[in-house]
Amino acid sequence: MDVQCANCSAKFQVTRDQVFMTCPFCDSTLYLDRARTFRHFVYPPEVPAARVPILLEEALRRGERPVMPVEGVEKQLLPFWGVKEGGPPRPVPAFSPVPPVLKSYTFPTSETNLDNPDAAKEFNRVPCAEAASAHWDNENSRPEAFSLYMSPFYKARYGAGASQYAAWIDAVGGRVYLEDPPPPITGAISKRSFWLLTGLFVAFFLEGLLVPHFGWGLLGAVVVVGATYPFLKNIFTGGRA
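Summarised in this report is the structure supplied together with it. Everything quoted here is computed from the prediction, not taken from an experiment.

Things to note about the pairing of strand β6 (residues 70-83)
Each regular strand displays side chains that alternate between the two surfaces of the sheet. Two strands pair when backbone bridges link them, and β6 and strand β9 (residues 146-160) are joined in this way by 13 bridges, in the antiparallel orientation. Looking across to β9, one finds that W81 is bridged to L148. Taken together, the four bridges between β6 and strand β7 (residues 90-93) define a ladder with antiparallel strand orientation. The residue of β7 that forms the bridge with W81 is V92.

This is the structure in structure tokens:
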């Protein structure tokens, strides 16, 4: 079968059972899908596996969720289409099923040379789903705007007894994605929450004394709430780190 290189446009012959290949003319690493080739990149992992329990514990504590022991860690190399739309490539999962929490994943901003198929060879490569080409195989898409990026992840399983949970840790940037995490601790308000709420009460009380005009008082309240919203959200939801 003859194919055309997505990088240099040269034509060459490949066998039908090849999926990943190297262009004999420009040495680009390519991915073959339905007789089309796409540039293929691999992100090198920068976070060691030993950091997984630490990062997971930090994420759970930030969300005020119970810290549980890690039962196992899998190394997975997940495929994403990189869709170029005038700016940095936008990731579109090319595997199935896709954990909902990974739909917010963004590519690392690392300037490392990604054109290295052996960059994460100790990670298990997750195959592209058969329907992955549906992202580019339609009349409104431009296949030349697509590249395949392989992103290394740690899938950590943690829990206690019958309560088992999963988390995905980006092996490049160390971001933690909690998949259906344990509920937040509700037995008592933490000291951090207590002092934040106390501070808000004092701020509103002083504002009522010092700003008698209703309009200015309302504006001040909006500013205070807007400034503390990120902290309140992190305390009372804590879904991702």
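Regarding the packing of aromatic side chains
Applying the stated rule across the entire model yields 18 aromatic pairs. Between Y31 and W81, the aromatic rings sit 6.0 Å apart at their centres with planes inclined by 70°, giving edge-to-face as the arrangement. Of this pair, Y31 sits in strand β4 (residues 29-33) while W81 sits in strand β6, and the two are 50 residues apart along the sequence. Across the pair, exposure class does not vary: Y31 and W81 are buried alike. When the centroid spacing of 5.2 Å and the interplanar angle of 65° are considered together, the rings of Y105 and F153 count as edge-to-face. Taken together, the positions of Y105 in the loop between β7 and β8 (124-125) and F153 in strand β9 put the pair 48 residues apart, joining distant regions of the chain.

Conventions adopted
Residues numbered from 1 in each chain as written. Predicted model: local features only at pLDDT ≥ 70, side-chain atom pairs only at ≥ 80, totals over all residues. Heavy atoms only, no water. Pairing = 2+ DSSP bridges. Helix = DSSP H or I, 4+ residues; strand = E, 2+ residues; numbered from the N terminus. Phe/Tyr/Trp six-rings, centres within 6.5 Å; stacked < 30°, edge-to-face > 60°. Buried < 20%, exposed > 50% of the residue type's maximum accessible area, 1.4 Å probe, protein only.

Read these as spatial facts, not as claims about activity.
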